[in-house]
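Structural overview
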Amino acid sequence: MGRRRPEAPTLEEVAAHARVGRGTVSRVINNAAGVKESTRRAVQQVIDELGYVPNLAARSLAGRRADAVALVMTEPDWRQFAEPFFSEIVTSLGDALTDTGMQLMLTLVRSDAERQRFLEYARGGRVDGVLLMSVHAGDPLPDMLAEARLPTVLLGRRSGDEYVSYVDMDNVGGARSAVSHLVQRGRRVIATITGPLDLHAAQCRLRGYEDALALAGLKAERTRVAESDFTAESGRRAMTELLERHPDIDGVLAASDTTAAGALEALRAAGRRVPEDVAVIGFDDFPLAQRTEPRLTTVRQPIEEVGRAMIRLLLEEMEEGAVAWRHVILRTELVVREST
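In this text the structure is predicted, and so the values were computed from the model without any measurement. (Residues numbered from 1 in each chain as written. Predicted model: local features only at pLDDT ≥ 70, side-chain atom pairs only at ≥ 80, totals over all residues. Heavy atoms only, no water.)

A few points about helix 3 (residues 37–50)
For helix 3, spanning 14 residues, the distance from its first C-alpha to its last is 20 Å, which sits close to the expected 20 Å at 1.5 Å a residue. Buried within helix 3 we find Thr39, Arg40, Val43, Val46 and Ile47. With its buried residues spanning 130° around the axis, helix 3 presents them on a single face. Along helix 3, exposed side chains directed more than 90 degrees from the buried face belong to Arg41, Asp48 and Glu49. Next to the buried residues of helix 3 lie helix 1 (11–18) and helix 2 (22–29). With its phi angle positive at about 70°, Gly51 sits one or two positions after the end of helix 3. (Helix = DSSP H or I, 4+ residues; strand = E, 2+ residues; numbered from the N terminus. Expected span 1.5 Å × (residues − 1). Buried < 20%, exposed > 50% of the residue type's maximum accessible area, 1.4 Å probe, protein only. Arc of directions from axis to C-beta. Contact = heavy atoms within 4.5 Å.)

Listed below in structure tokens is the structure:
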């Protein structure tokens, strides 16, 4: 007779050996927040010693889990998906989910019919949580998901009064530091190319621009503000318009690196030297910023931390049934290169 194969250790056995509750073991396995580092290490040591392997199928059936998270894009303009920001965020979220055993599902929701269809899909238990990005002002989808009590985390927010859990950047502070840098470089006729102003992030960057000018005793004129849609083409167009209105512009803050790259092309076409005649700052610090000519000074957004923070908040809501909305605002950093 062959030797009897030993039974696999259970989650309860891991909890008993580690002297913690089942929920704590589950949070450690899912890499969720809310566990002290010493406890996390102790649980992981027991997992390793016992050779415990989570039974994902049993977990899913027992807890009615789909082991899937939906990433919902609400951007109505298809061109936006070609911009680096979207691919960087998707990569960041995918990396953050790597050790959770959960799948990231990408879906597009751009109309009332698609909102209702997705809500019914999500309420049917096909996903455990929802991540939303590019949510414009007035979009009702976050409210619909909240009313359905579906764990949801936004990238950014619809307004300053947002109540659904979100992860955002310090857009006001980032723009303020960028414009203050231009002022320190001796620039006095400073313009800005904003993102779509129905996005809260774009409104915040505009406010940071205005705050920095006020602190420097400079007047913020609306004719020095041009709106873009974050694309290079809109950056070229906006920069051309700004030069026509104010030929004496000597500094520009653009709402994204892609927009700034378009502005650099327009300045080159107009015979303006960067940074000698006009200093330019972007926003993002994607690889593009180091490929422009000259290399772009920009406001760095912590994209990797964005993904980790969004997944952490979502797992907390999924595991704990959070009683409070969580709002996280991450710091930005000015990265100085040759364009200023």
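From this point, the narrative continues.
Focus on the packing of aromatic side chains
Considering all chains together, one arrives at three aromatic pairs under this definition. Their ring planes at 85° and their centres at 6.2 Å tell us that Phe85 and Phe86 sit as a pair that is edge-to-face. Note on Phe86: relative accessible area 7%, which makes it buried. Ring plane angle 45° and centroid distance 6.4 Å describe the contact between Phe85 and Phe286, whose orientation is recorded as tilted. Of the two residues, Phe85 is situated in helix 5 (residues 84–97) and Phe286 in the loop between strand 9 (279–284) and strand 10 (297–300); the sequence distance between them amounts to 201 residues. Accessibility expressed as a relative area gives 4% for Phe286, which makes it buried. Above the ring of Phe283, the side-chain terminus of Arg205 is found at 3.8 Å from the ring centroid. (Phe/Tyr/Trp six-rings, centres within 6.5 Å; stacked < 30°, edge-to-face > 60°. Lys NZ or Arg CZ within 6 Å of the ring centre and 35° of its normal.)

Some words on the packing of helix 10 (residues 232–245) against helix 11 (residues 257–269)
Viewed as axis vectors pointing N to C, helix 10 and helix 11 meet at an angle of 50°, and their least axial separation amounts to 7 Å. In terms of orientation, helix 10 lies oblique with respect to helix 11. The two elements helix 10 and helix 11 meet at a crossing, and its hand is right-handed. For the pair helix 10 and helix 11, the contacting residues are Ala232, Gly235, Arg236, Met239, Thr240 and Leu243 in the first and Thr258, Thr259, Gly262, Ala263, Glu265, Ala266 and Leu267 in the second. Residue composition of the contact of helix 10 with helix 11, grouped by class: six nonpolar, five polar and two charged. (Axes fitted to C-alpha atoms, helices over the stretch in contact; angles between N-to-C directions. Parallel < 35°, antiparallel > 145°, perpendicular 65-115°, else oblique. Left-handed = near helix turned anticlockwise from the far one by under 90°. Nonpolar A, V, L, I, M, F, W, Y, C, P; charged D, E, K, R; others polar.)

A few points about the side chain of Arg205
Residue placement: Arg205 occurs in helix 9 (residues 200–215). No salt bridge is formed by the buried Arg205. Its closest oppositely charged neighbour is Asp284, at 4.9 Å. Looking at Arg205, its side chain comes within polar contact range of the side chain of Asn171, at 2.8 Å. With sequence-adjacent residues up to four places away left out, Arg205 is seen in contact with Asn171, Ala175, Phe230, Ala255, Phe283 and Gln301. (Lys, Arg positive; Asp, Glu negative; His and termini not counted. Salt bridge = Lys/Arg side-chain N within 4 Å of Asp/Glu carboxyl O. Polar contact = N/O pair within 3.5 Å; in protein donor to acceptor, adjacent residues only side chain to side chain.)

Read these as spatial facts, not as claims about activity.
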